[in-house]
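Fold and geometry: a report
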Amino acid sequence: MEENRFNQTLRDKFQDLESPFNDRVTFEAVMKKREKKKRRVIFWLPSVAVVAGLFLSAGMGYMLLSDSKSAVKLPQVALKNVVVKPNKKSFVKEQKKKSEALQGAGISSVDISSNQRGVLQSKSLVGQSQIRTINSLVGDLINTDQTLLTTPVKIVEEGAAAKMVEMIQNAESQLMFCNPRGIYPVSIGMSQMKEEFIEIPEGEYEKAWDPGRYRSKWYGELGASTGSKVIVDFDNKNELSVLGTMYHANYQGLILRDMGNGIMLGTGISYGEWIGNGEWQLTQTERKTLIDSYDLVVMIPPVQTVRVYDTTEVIDTKVTTGEIHYKIDKVSLPLAMRYNLMLGKVAWRLAAQVNPGITTKTTGDYFTKTEYHPILEQRMLCMDAKLAFGPSFALTTAWTLVLEPNAMLHSFYDKSGKRTYSKVLTGFGMTVVRKF
Amino acid sequence: MTEKELVEGCIREDRICQRELWDRYSKKLMSLCLRYCNSQEEAEDALMEAYVKIYDNLKNFRFQSSLETWMRRVSVNLCINKIRARKHIWTSISDDEYRIGFKDDAFDNLQVQHILKMVEALPVGYRTVFNLYAIEGYTHKDISEMLGIDEGTSRSQFAKARKALQIQIDKSEGGAKA
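So, here is what we can say about the structure in this document. Owing to the predicted nature of the structure, the values given are computational and were not obtained by experimental measurement.

Moving on, we come to a nonpolar patch on the surface. A contiguous nonpolar patch, built from Met259, Ile263, Leu265 and Tyr339 of chain A and spanning about 330 Å² of accessible area, is present on the exposed surface. Since its relative accessible area comes to 32%, Ile263 of chain A is described here as partly exposed.

A few words on the interface of chain B and chain A. In this complex, chain B contributes 44 residues to the contact, which on the side of chain A involves 30 residues. Carbon and sulfur atoms make up 57% of the surface buried where chain B meets chain A, a total of about 3700 Å² over both sides. For the pair chain B and chain A, the number of links is seven salt bridges. Here chain B is connected to chain A by ten residue pairs in polar contact (both at pLDDT 80 or more). Those elements giving two or more residues to the side of chain B that touches chain A turn out to be helix H2 (15-36), helix H3 (40-57), helix H4 (67-85), helix H5 (112-120), helix H6 (124-135) and helix H8 (151-177) of chain B.

Under the definition given, this model contains 27 salt bridges over all chains. A salt bridge links Lys4 of chain B to Glu8 of chain B, with the nearest nitrogen and oxygen atoms 3.0 Å apart. Of this pair, Lys4 of chain B and Glu8 of chain B both sit in helix H1 (residues 3-11), four residues apart, which is roughly one turn of that helix. By relative accessible area, which is 47% here, Lys4 of chain B ends up partly exposed. Salt-bridge contacts for Glu68 of chain B lead to Arg72 of chain B; the nearest nitrogen and oxygen are separated by 4.0 Å. Of this pair, Glu68 of chain B and Arg72 of chain B both sit in helix H4, separated by four residues, roughly a single helical turn. Under the relative-accessibility criterion, Glu68 of chain B is labelled buried at 19%. Within this structure, Asp16 of chain A together with Lys28, Arg35, Glu68, Arg72 and Glu136 of chain B form a network of salt bridges that share partners.

With that settled, the discussion passes to the pairing of strand S5 (residues 218-231) of chain A. Residues and elements named next belong to chain A. Here 14 bridges tie S5 to strand S6 (residues 240-260), and the two strands are oriented antiparallel to one another. Pairing of Lys229 across the sheet is with Met246, part of S6. As paired elements, S5 and strand S14 (residues 419-435) share ten bridges and run antiparallel to each other. Its bridge partner being in S14, Gly223 is matched across the sheet by Thr431.

So, about helix H7 (residues 140-147) of chain B. All names here are of chain B. The set of residues buried in H7 consists of His140, Ile143, Ser144, Met146 and Leu147. On an axial view of H7, the arc spanned by its buried residues comes to 165°, and they lie on one face. In the stretch just after H7, Gly148 is the one whose phi turns positive, near 70°.

Here we come to the packing of aromatic side chains. Evaluated as defined, the whole model comprises 19 aromatic pairs over all chains. Taking 5.1 Å as the distance between ring centres and 55° as the angle between the ring planes, the aromatic pair formed by Tyr366 of chain A and Tyr421 of chain A counts as tilted. Taken together, the residues Tyr366 of chain A in strand S10 (residues 346-367) and Tyr421 of chain A in strand S14 connect sequence positions 55 residues apart. On the basis of relative accessible area, Tyr366 of chain A is assigned to the buried category, the value being 1%. Taking the relative accessible area as the measure of exposure, Tyr421 of chain A reaches 6% and is therefore buried. Ring pairs connect the aromatic residues Trp274, Tyr326, Tyr366, Phe367, Phe412 and Tyr421 of chain A, which therefore count as one cluster. Positioned above the aromatic ring of Phe63 of chain B is the side chain of Lys4 of chain B, whose terminal nitrogen or guanidinium carbon lies 5.8 Å from the ring centre.

Conventions adopted
- Residues numbered from 1 in each chain as written.
- Chains lettered and ligands numbered in written order.
- Predicted model: local features only at pLDDT ≥ 70, side-chain atom pairs only at ≥ 80, totals over all residues.
- Heavy atoms only, no water.
- Patch = residues over 30% accessible without salt bridge, like charges linked within 9 Å, V, L, I, M, F, W, Y side chains within 5 Å.
- Areas by Shrake-Rupley, 256 points an atom, 1.4 Å probe, with all protein chains shown as cover.
- Salt bridge = Lys/Arg side-chain N within 4 Å of Asp/Glu carboxyl O.
- Buried < 20%, exposed > 50% of the residue type's maximum accessible area, 1.4 Å probe, protein only.
- Contact = heavy atoms within 4.5 Å.
- Buried area = accessible area lost by both parts, 1.4 Å probe.
- Polar contact = N/O pair within 3.5 Å; in protein donor to acceptor, adjacent residues only side chain to side chain.
- Helix = DSSP H or I, 4+ residues; strand = E, 2+ residues; numbered from the N terminus.
- Pairing = 2+ DSSP bridges.
- Arc of directions from axis to C-beta.
- Phe/Tyr/Trp six-rings, centres within 6.5 Å; stacked < 30°, edge-to-face > 60°.
- Lys NZ or Arg CZ within 6 Å of the ring centre and 35° of its normal.

Spelled out as structure tokens, the structure:
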């Protein structure tokens with residue numbers, strides 16, 4: 001049904017009509033709007049990707065933890081799986097000497113290698129406390145007598161050693177250890193154990209065995225954090241006042257070293273975006289003096305005229321407003337400190353860092369509550385600092401997820417204005433830590 | 001600059017071409033937006049948004065119609081989306097009612113600007129359907145799909161628009177004669 005549709009001529013006339021628009025509608029305004037839209041996408045995409053990645057890794061971590069191996073979540077034992085192969089020549093000599101000394105002192109010795117045989121084949125879970133005891137005993141034994149690291153193994157049937165033998169017999173067919181050639185200090189965690197053969201040079205085996213030297217103290221950290229700050233109202237006391245929202249996104253990768261006592265120190269690289277969108281208001285007051293005059297005629301002869309002046313003072317207030325934006329991209333080298341602690345049953349981490357760096361891109365007008373100015377310099381020194389405190393969750397023996405509410409100070413030195421500007425933004429961050 | 005050069009330039013993010021596109025069509029599109037929107041400000045916002053969309057999507061323009069037609073379509077769609085977002089309630093009327101219409105020559109003696117003012121004065125539902133059907137040349141089926149309404153509702157909205165316009169025209173002619 002084509003009834004009452006305008007004829008083509010009229011339709012063409014309609015379509016050729018042109019209408020004017022206000023000054024605010026310009027090509028530049030459209031491009032700015034487009035730029036803003038793009039920037040929003042650029043800002044959110046990496047953030048979403050990082051957060052999604054973190055959630056994915058968290059999810060995978062929990063999936064791994066939920067399998068049968070995680071039925072007993074045991075503390076990670078610091079020892080690596082090491083088989084020590086001592087130098088035979090010097091060992092035999094040493095062994096003979098020690099055996100003679102022991103017999104001289106009236107202490108009998110026993111060959112436990114037979115007790116250890118066959119246990120290695122079956123692995124099952126034992127209680128946490130039991131394993132702790134076994135491991136502490138292993139440590140004691142190793143420190144007590146180097147002969148335990150040899151094949152065949154001879155140990156003194158006294159004190160800790162005797163206890164250990166008893167425990168092995170009791171725990172027969174449960175878990176662990178034994179090797180005809182030596183003892184496996186095992187890693188009791190959820191990670192798969194790997195064997196590592198170390199040839200100890202002659203004479204070296206006599207040194208006290210320090211398992212700590214086989215443990216890595218290096219960690220890698222990847223993190224993303226966001227935050228914001230809002231200036232809600234205009235400050236009407238000032239002639240120029242600015243309100244707006246500032247927000248930041250920060251991504252960083254760090255290498256950290258465990259310094260002991262829960263403290264880690266490290267450095268790396270960080271990239272951050274700091275954006276502000278706001279509105280300025282300029283309140284101008286002008287005092288005006290209005291003078292009104294009129295003539296009074298005095299009708300008493302001779303007729304006279306008196307001019308009367310009325311003076312009124314008026315305060316004229318003019319308010320102008322406008323939009324304001326800025327964006328600062330920066331790259332920095334963080335110097336980071338981490339402190340890990342247990343509060344109750346939850347592991348927490350305190351993170352503090354300073355990020356000296358340089359701005360890579362600056363656009364728009366930087367604003368504070370009471371002023372704004374264009375950021376002309378593209379390369380400015382900047383210094384950020386972050387303080388965060390939050391719970392950390394072990395996903396696997398190697399990966400840890402940390403949730404970090406944080407406060408971040410952003411500052412830069414404006415070369416043209418010779419001033420340092422800074423702001424503190426509060427927000428939330430997520431970090432994954434990998435033990436190497 | 002030909003249409004093809006203009007499009008290619010805009011895809012290359014060439015500022016000169018982008019400005020040329022703005023200068024060439026912005027006022028026409030403003031006129032279009034005014035016909036769909038409730039106020040000058042709303043129309044201006046719609047125009048700017050339409051241009052952002054146009055610049056972003058020019059790479060999808062296949063030269064199957066003229067550039068202006070394509071730009072008009074993008075702008076119309078944007079305005080329609082705005083109207084749909086406002087959740088306007090569309091009402092239907094009986095078949096008899098929508099047979100009432102204006103005479104074929106009703107607009108012959110009127111200036112386009114005058115008609116436009118009358119169209120702009122129509123309620124949003126009437127105006128939208130009237131614009132799409134009478135001016136843009138969409139069918140009621142197309143309109144029903146675009147606005148998410150029944151075809152019958154589209155027809156009835158158009159009939160109501162015609163009726164309202166006829167009253168306006170009669171008033172206008174009466175006034176002129178007087």
